[in-house]
Amino acid sequence: MSGSALQRVVLFLDYQNVYHRARDTFSSPSAAAGEGQIDPLALGHLLARRVPGGRLVEVRVYRGRPSRRRDARSYAAYRRQTATQVNIGLGLVSVISRDLRYPPDWPTRAAQEKGIDVALAVDFVRMAARRDYDVGILFSSDTDLVPALGAVVALRPDDPVSCEVAAWAAPGGRPRSLSVRGARIRRHLLSEADYHAVADPTDYARSR
C-alpha cells in the first residue's frame, strides 16, 4: 500500500492493563479509583493521527466482567462504563468481556481476569490474517501478548500487515512497551499530556 493511501487503523486495548499502568505512571497510590480511566474513542483517534494516512476504523476494548451475584456494585459500574464507551463510540468501539475469576478468599484477594489476553491475542492475529486492518496497534504491557505480536510480524514477511504498540511514558522512566526480538515495530509512547487528553474522570460507581 502506498504511503499516501488511507491506512485502516484498529486499536486493541487491554483495558485493565492500560488503566493500572496509567495509575502507576501518572497518579499517586491514594488516587481516586477513576484515576487511570480513559476514553477509548479519544485514545483511538489520538493514536490514529500518529499513523501516516491513518483512519480509525475500530477500537476493541478487552476487559474482565464482574459477577452480578458476587459483586453487584462493581458489576453496575462496569455496565455503566461499557455502555457509555459503546454509545459515545459512534459505532467504532466494541467491548469484548470475559467473566472475572473470584478466588476463595475474595475480597481479601482481588478477582482476576481470565481469558482476556487469549481473546485479544486470537483477534489480533485472526484480523491480521483476514486483512481487517492495515495497522493494528496493541496497547498493553502484558508480555503474554508478545507471541501474538510476533505472529503478526511473521504472518506475511513479504507483504506484512503493519503492527504497532503503544505505552505510557513517564518522564525519565522506561516505557513498558512490548517488543519482538529482531523486529522493528513502531512504538507510540504517550506522555502525561496525552493521558490527560484522553482521560475519563467519570465516577461510574455512582448511579446517575
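Coordinates for the structure precede this section.
Residues numbered from 1 in each chain as written. Predicted model: local features only at pLDDT ≥ 70, side-chain atom pairs only at ≥ 80, totals over all residues. Heavy atoms only, no water.

### Topic: the overall build of the protein chain
Check the secondary structure of the protein chain and you find 6 helices and 6 strands. Its helices and strands in sequence order give the protein chain the pattern β-α-α-β-α-β-α-β-α-β-β-α, from N to C terminus. In terms of C-alpha radius of gyration, the protein chain reaches 17 Å, essentially the compact-globule figure of 17 Å for 208 residues. Partitioning the contacts of the protein chain with sequence separation of at least 6, the portion at a separation of at least 24 is 73%. When the accessible surface of the protein chain is split by element, carbon and sulfur atoms take 49% of a total near 11000 Å². Each charge sign in the protein chain was given a centre, from 31 positive and 22 negative side chains, and these centres are 3 Å apart. (Helix = DSSP H or I, 4+ residues; strand = E, 2+ residues; numbered from the N terminus. Rg over C-alpha atoms; globule rule 2.2 N^0.38 Å. Contact = heavy atoms within 4.5 Å. Areas by Shrake-Rupley, 256 points an atom, 1.4 Å probe, with all protein chains shown as cover. Lys, Arg positive; Asp, Glu negative; His and termini not counted. Charge placed at Lys NZ, Arg CZ, Asp CG, Glu CD.)

### Considering the sheet that holds strand β5 (residues 162-168)
The strand order across the open sheet built from 6 strands is β3-β2-β1-β4-β5-β6, with neighbouring strands paired in parallel fashion. In this open sheet, the two strands that pair with only one neighbour each are β3 (93-99) and β6 (187-190). Looking at each pair of strands side by side, their axes are set apart by 20° on average, direction ignored. Bridging between strand β1 (residues 7-14) and strand β4 (residues 135-139) involves 5 bridges; their strand directions are parallel. Along β4, the bridge assignment pairs V9 with V135. Along the sheet, helix α1 (residues 15-26) contacts β1, β2 (54-65), β4, β5 and β6; its crossing angle with β1, the most-contacted strand, is approximately 75°. (Pairing = 2+ DSSP bridges. Axes fitted to C-alpha atoms, helices over the stretch in contact; angles between N-to-C directions.)

### With respect to helix α4 (residues 116-129)
The α-helix winds at 3.6 residues per turn, so residues separated by three or four positions along the chain end up facing the same way. Across its 14 residues, α4 extends 20 Å between first and last C-alpha, which sits within 8% of the 20 Å expected from 1.5 Å per residue. The secondary structure elements touched by the buried residues of α4 are β1, β2, β3, β4, α5 (146-155) and β5. Two residues or fewer after α4 comes R131, characterised by a positive phi angle close to 60°. (Expected span 1.5 Å × (residues − 1).)

### Describing the packing of aromatic side chains
By the definition in use, this model includes 9 aromatic pairs. Considering the side-chain rings of F26 and Y195, the 5.3 Å spacing of their centres and the 15° angle between planes classify their relative orientation as stacked. On the criterion of sequence distance, the pair formed by F26 in helix α1 and Y195 in helix α6 (residues 192-198) is long-range, its members being 169 residues apart. Judged by relative accessible area, Y195 falls into the buried class, the value being 2%. Judged by centre distance (5.6 Å) and plane angle (90°), the ring pair of W168 and Y195 falls under edge-to-face. Of this pair, W168 sits in strand β5 while Y195 is found in helix α6, placing the two residues 27 residues apart along the sequence. According to the relative accessible area criterion, W168 is buried, its value standing at 5%. One aromatic cluster is present, formed by F26, F139, W168 and Y195 through successive ring pairs. (Phe/Tyr/Trp six-rings, centres within 6.5 Å; stacked < 30°, edge-to-face > 60°. Buried < 20%, exposed > 50% of the residue type's maximum accessible area, 1.4 Å probe, protein only.)

### A look at the nonpolar core
If you look at the biggest cluster of nonpolar residues, it comprises 27 residues, and the most contacted ones within it are L13, L43, L47, F139 and W168. Among the secondary structure elements, those contributing two or more residues to this core are β1, α1, α2 (40-48), β2, β4, β5 and α6. Leave out the neighbours within four places in its chain, and W168 touches V18, R21, A22, T25, F26, I38, F139, P175, R176, L190, Y195 and V198. Ranked by size, the runner-up nonpolar core spans 23 residues in total, among them Y62, I96, F124 and V152. (Core = buried A, V, L, I, M, F, W, Y, C linked by side-chain atoms within 4.5 Å.)

### What to know about unusual backbone geometry
Of note, the amide linkage connecting W106 to P107 takes the cis form, showing an omega dihedral of 10°. Relative to the assigned elements, P107 resides in the loop between β3 and α4. In this structure, L90 is a non-glycine residue whose phi angle is positive, near 55°. Relative to the elements of secondary structure, L90 occurs in the loop between α3 (72-87) and β3. Despite not being glycine, R131 shows a phi value in the positive range, around 60°.

Geometric descriptors of this kind do not, in isolation, establish any biological role.
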